[in-house]
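# Topology and contacts: notes
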Amino acid sequence: MFRNFFKIAYRNLLKNKIFSLVNIFGLAIGMAACFFIFQYVHFEKSYDRFNKNAANLYRVNISFTGSFSNTPVMATNHPAVGPALKLEYPEVLGYARLVDPVLFVSSLTMSYTDKGGAKTSYNEPKTYLADSSFLTLFSYPFVEGDPATALTQPSTVVISSSEAEKYFGKEEPMGKTLYLNQKIPLKVTGVFKDVPENSHIKFDVLISFRTLEHDGRLKDPVWTWPEFYNYVLLAPGTDPRKIEARFPALIEEHLGPIMKTYKFGCAFHLQPITDIHLKSHYLKEAEVNGSEREIQFLTLIGIFILVIAWINYINLSTAKSTERAKEVGLRKVSGSTRIQLIGQFILESALINGLALFVAAIIVFCCFSAFSVFIGKDIRNGSGAASLWHTTSFWLVLVGTFLTSAFLVGAYPAFVLSNFKPALVLKGKFTQSNKGILLRKVLVSFQFVLSILLIGGTITVSRQLFFMRNQDLGYNKDQVFVIKAPPITDTSYFNKINLFKTELARNPSVNNVAVSSDIPGREIFERNSIRKYGEDASQNSITYFIEVDDHFIPTFQTELAAGSNFRRDEAIDFRTRPQPGSIVKVIINEALARALGFKTNEAALHQQLDFESLYGFKSEVIGVIRNYHQRSLKEEYDPILYYYPEVTGSWGYFSVNLSTQNLRHDLASIESIYKDIFPEHPYQYFFLNEFFDQQYKADQQFGKVFLAFTILAIFVACLGLLGLSSFAISLRTKEIGIRKVLGSSVSGIIVLFSKDFVKLVCLSAVIAIPVIYYLSVKWLSNYAFRTRLSWLNFVVPPLLLLVVALLTVFLQSIKAARANPVKSLRTD
């Protein structure tokens, strides 16, 4: 019997080639799209799960209240936190700290000189100082060396496999010496495999944390420097909430006096490392993290595409019921039971779904590498359970999807077809029920609703991305060329900077050159508390500090809202002791002026400020700069203070404002000048507009993925609509012939077949538009600066779908409308 069922199913597939292909390829595209989306979602959720201690590893974040309440939650904390938790809580089995060396030096350069005297030197931005325990708490496999002892001694370093090859080639790296910023020797004590893509923190070089202590730059315990990543390992079964409940007593013990003095409060929070990538967007994050909300949206898209493919199958199968009515009638008369008929139709469904799954597997196999390139992440380079193929859940979902598609989705057509009355069918009195027609209209409308939602979401995402990339940032980023400054701290630095600027100024294409500790597009590293002079500590406001020169404002073409720019003679040498009455001239931005309580920009001029960081100098505001976007438009304007030091080791960037007709020649000239003045240091440059736009990389990836799968969803829906309209027209061939004989025009017949679909699209739009509004508002709430919703968001989706639907129906109906009516009426 089973063999007979299979033969009949196979013959039906061949007999109805168009409908078979529509069903198979519609389901295949739906399944393949689902796999790609779920692979991406799974990869995003796999971050840090490759660590053996992932279930019990937490990062200790810090938040503030009181006078520091304008400071967002920070991913970093005080360096003394980890040791204190290990000492005072028996549930804490271990701790590890990481810190960016930029906290101590403006630039990071590593160099190596081989036996022949050849020198290799590179900038190394992915460098951290790390406790030796970091390599045992986390699971980063070693190629050479022992992770338990590699960083136990000061002046030691471990590097990635790629770094080892870059510096040493085929030489043995172990025991070799790298020099940090030409001065600090670091012995290579280990080589680890490159950090996998699905790690929330990525690094190429780890320097022993004890190097700081050995050099006297850090003396534990330090409770007033919240710039260090602190990780703790809890004993299995420990409830982190119970540990957090005991933190206030620890905080009061170590920070009580300073909190009382400066009128602020703080709290520590334990965050699972597996939550960091998707749920953490705090200050001082090590990397740009993903978004849990975007992952949820993509998951919905994957489900939508598969549901649309399933609806296609149900609609086409039930629509063709009239063609198979006589077959069912004859088989029932011949003795077939309803159970046997249901088994026959479910077997056909299983065969179609099996073929669809096979085609989907071919699509995935052929396009997997292209998909990795498309999303901008090498998901093959993940560690642990990053690949969906290797997880039990994937195979369970795959089997579940096949069974759902083959049996549950195939069950309704099977029950409909097996329920036909043989007497009516064989007498030719069978007609489709109104219930069946209504159900198909409901399902098609549901497809349209999903399609309108996806189009609406794509428009919202695209408009927000366009808004962010084209919004006036408050400065000119399109003509600025940035060079990483060399890490020089000796007395020659200032003279060399002036020489470099003078030589660049000789080039007629160079409009201005500025030096600064930070540039737009980068989270400012230095920050401290500040208040009006004479106010108490309760009025403190946390602000960011940037060291600049007198060319910073003209180079970036920012605008002064009040006051004046720096003058060369106002630069302060912070190496000298402050003299009585010495005043540091500073410029603040509008955001800081408002945070300090100045109602107008002019009111801030010539006011003195009181803060801790500028070596005991008093300060006076000489200018107020218009707000500009230091970071992406996801963030509010940062409060910023600018000051002009004469000699500093924190000037990390040269910014060159260019207007050139021969960019290649000018870039080569600038590089030549740099290498002449700073021959010992690597030359690294970038364009500010590209650097700034890197902040939107995750948003752009989401937008591309959303658009691509929206197009796929609409394509699958159109496949079903094509098949359904083709079948509907085939049933009304004689009606079309009669109408043409009676004088109906081609356009009239096209309108006849199109009007039902127009009604369904209009109904779907009424349902979908409020949902588009709700979801768009919810998604845009992630951005401090966002595009406004307009009529385009609500009118374009249904109109676009209507055009696509009418075009699909038109391609089918035009053939029937132009056919010779004699042929269709010849049989009667």
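### Here's the deal with helix α8 (residues 247-262)
Its axis deflected by about 75° at L255, α8 carries its strongest bend there, up to four residues before the proline P257. All of the buried residues in α8 are F247, L250, I251, L255, G256 and M259. Buried-residue contacts for α8 involve α3 (81-88), α7 (240-245) and β12 (264-272).

### A look at the nonpolar core
Within soluble globular proteins, side chains that are nonpolar generally end up buried alongside one another. Residues F268 and Y642 are the most contacted members of the largest nonpolar core, which totals 158 residues. Ranked by residue count, the leading element in this core is helix α2 (residues 17-45), at 15 residues. Counting 27 residues, the second largest nonpolar core, distinct from the first, contains F138, A150, L151 and I273.

### Brief notes about the sheet that holds strand β13 (residues 480-484)
Pairing is antiparallel across the open sheet formed by 4 strands, whose spatial order is β14-β22-β13-β23. Two strands lie at the open edges of the sheet, namely β14 (510-516) and β23 (685-687), each paired on one side alone. On average, each strand axis in the sheet is inclined to that of its neighbour by 20°, with strand direction left out of account. By the bridge criterion, 6 bridges tie β14 to strand β22 (residues 653-658) in an arrangement that is antiparallel. If you follow V513 over to β22, its bridge partner there is V656. The strands that helix α16 (residues 493-505) touches are β13, β14 and β22; relative to β14, the one it contacts most, it runs at about 165°.

### Observations regarding unusual backbone geometry
Notably, D48 is not glycine yet its phi reads approximately 70°, a positive angle. Positionally, D48 belongs in the loop between α2 and β1 (57-66). Notably, H606 is not glycine yet its phi reads approximately 65°, a positive angle.

### Remarks on the pairing of strand β2 (residues 92-99)
Among the 8 residues in β2, 6 count as buried, and that is most of the element. Two strands pair when backbone bridges link them, and β2 and strand β11 (residues 229-234) are joined in this way by 6 bridges, in the antiparallel orientation. Looking at β11, one finds that A96 is bridged to Y231. Bridge count for β2 against strand β5 (residues 127-130) is 2 bridges, and the pairing is antiparallel. What sits directly across from V99, in β5, is L129.

Rules used throughout
- Residues numbered from 1 in each chain as written.
- Predicted model: local features only at pLDDT ≥ 70, side-chain atom pairs only at ≥ 80, totals over all residues.
- Heavy atoms only, no water.
- Bend = angle between axes of the 7 residues up to and from the residue.
- Helix = DSSP H or I, 4+ residues; strand = E, 2+ residues; numbered from the N terminus.
- Buried < 20%, exposed > 50% of the residue type's maximum accessible area, 1.4 Å probe, protein only.
- Contact = heavy atoms within 4.5 Å.
- Core = buried A, V, L, I, M, F, W, Y, C linked by side-chain atoms within 4.5 Å.
- Pairing = 2+ DSSP bridges.
- Axes fitted to C-alpha atoms, helices over the stretch in contact; angles between N-to-C directions.

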